[in-house]
Amino acid sequence: MEKHKKIGLVVEGGGMKCAYNAGILDAFLDHKITFDYCIGVSGGSGNVASYIAGQRGRNLRFFTDHIHSPKYFGLKSLLRTGNLFGLDYIYSELTNSTGEDPLDFAAIMKNPTEYEVVATNALTGEAKYFGKEDMKQDDYKPIMASSAIPAACRPVEIDGIPYYDGGIADAIPVRHALEKGCDRLVVILSKRRDYVRKPQGMRFLYSTICRKYPKIIEAIDQRHITYTKNQSANKKSSRNK
């Protein structure tokens with residue numbers, strides 16, 4: 001009898017580009033396409049949560065309806081919370097069980113799919129992988145941490161450790177998914193496969209704002225190199241299918 005192959009899904013982040021993977025995830029729901037393992041990065045981490053919960057159309061509302069709130073993004077959010085992107089508004093006020101667009105956390109926990117998100121430890125600059133067992137009803141800090149863009153957001157503290165956007169340390173976590181036992185992967189990218197990331201601009205800005213976290217500055221400086229390695233791992237995985 002042939003052994004069941006573990007099929008995984010990797011969803012890259014990318015800000016508003018995540019509207020693209022939101023549409024694909026809804027199509028998966030439409031066609032009842034499921035995976036044994038899912039991992040999301042940055043904005044992709046929240047989109048995967050809605051997918052795991054089976055909430056078709058929820059992600060779309062964040063890109064078309066909720067985004068018009070001044071609490072979602074902009075100067076008012078920055079002045080009020082210190083975050084250009086209103087992470088508390090997006091992942092707490094809207095998403096909590098009493099919010100305008102609640103996440104069905106019970107459905108996530110009931111779903112047998114293994115679900116992880118990636119964040120970057122601000123003290124070490126290394127990737128940290130959180131599972132759904134690290135989340136609680138109305139406490140989605142791992143997803144917030146995965147989406148906390150340096151310079152645009154404050155780090156999100158979990159168990160006394162500050163975290164930033166997972167895309168800094170592991171933007172396309174193919175290697176990690178394979179290490180988790182996946183035999184085959186579906187990878188949704190936010191950029192073309194031939195995309196070449198250049199060294200990060202505005203170094204003075206992010207190095208000044210993130211000066212408390214030298215490892216994060218170092219990781220951002222090296223991000224174009226790390227991203228290329230992620231791309232290579234993804235392409236190698238594709239060739240080995």
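See above for the structure.
Summary of the structure given here. From a predicted model like this one, the values you see are computed outputs, not experimental measurements. (Residues numbered from 1 in each chain as written. Predicted model: local features only at pLDDT ≥ 70, side-chain atom pairs only at ≥ 80, totals over all residues. Heavy atoms only, no water.)

Within the protein chain, the regular secondary structure consists of 11 helices and 7 strands. Its C-alpha radius of gyration of 17 Å places the protein chain within 12% of the 18 Å reference for a compact globule of 241 residues. Counting only C-alpha atoms and orienting by the principal axes, one finds that the protein chain spans roughly 60 × 40 × 30 Å. Going through the 241 residues of the protein chain one by one, you find that 51% of them count as buried. Counting contacts in the protein chain only where the partners sit at least 6 residues apart, residues at least 24 apart contribute 68% of the total. (Helix = DSSP H or I, 4+ residues; strand = E, 2+ residues; numbered from the N terminus. Rg over C-alpha atoms; globule rule 2.2 N^0.38 Å. Buried < 20%, exposed > 50% of the residue type's maximum accessible area, 1.4 Å probe, protein only. Contact = heavy atoms within 4.5 Å.)

Helix 2 (residues 43-53) packs onto helix 1 (residues 18-30) with a crossing angle of 20° between their chain directions and a minimal axis gap of 10 Å. On the basis of their axis angle, the class for helix 1 and helix 2 is roughly parallel. Note on packing geometry: the crossing formed by helix 1 with helix 2 is right-handed. In contact with Cys-18, Asn-21, Ala-22, Leu-25, Phe-28 and Leu-29 of helix 1, helix 2 contributes Gly-43, Gly-44, Asn-47, Val-48 and Tyr-51. (Axes fitted to C-alpha atoms, helices over the stretch in contact; angles between N-to-C directions. Parallel < 35°, antiparallel > 145°, perpendicular 65-115°, else oblique. Left-handed = near helix turned anticlockwise from the far one by under 90°.)

This part is about the side chain of Ser-69. With respect to the helices and strands, the residue Ser-69 is situated in the loop between helix 3 (58-64) and helix 4 (75-81). Residue classification places Ser-69 among the buried residues on the basis of a relative accessible area of 17%. A polar contact is formed between the side chain of Ser-69 and the side chain of Tyr-89, at a distance of 3.5 Å. (Polar contact = N/O pair within 3.5 Å; in protein donor to acceptor, adjacent residues only side chain to side chain.)

Turning to helix 2, a few remarks are in order. The buried fraction of helix 2 amounts to 11 of the 11 residues, a majority that puts the element mostly inside the structure. The complete set of buried residues in helix 2 reads Gly-43, Gly-44, Ser-45, Gly-46, Asn-47, Val-48, Ala-49, Ser-50, Tyr-51, Ile-52 and Ala-53. Within two residues after helix 2, Gly-54 carries a phi angle of roughly 75°, on the positive side.

As a further point, take the pairing of strand 2 (residues 37-41). For strand 2, the tally of buried residues reaches 5 of 5 residues, placing the bulk of the element in the interior. What joins strand 1 (residues 7-11) to strand 2 is helix 1, and the crossover it makes is right-handed. (Right-handed = clockwise from strand over helix to strand, strands pointing away.)

In this structure, the largest pocket encloses a volume near 1,000 Å³. As for the largest pocket, its lining consists of 48 residues, of which Gly-15, Ser-42, Phe-85, Ile-149 and Asp-165 are closest to the centre. Those elements that provide at least two residues to the lining of the largest pocket are helix 2, helix 3, helix 5 (87-93), helix 9 (203-209) and helix 11 (223-239). Element by element, the count of residues in the lining of the largest pocket is highest for helix 2, at 5 residues. (1 Å grid on protein atoms, 1.4 Å probe; cavity = no way out; pocket = protein on both sides within 12 Å on 5 of 7 lines; lining within 4 Å. Points joined across faces, edges and corners; volume = space filled by probe spheres on them.)

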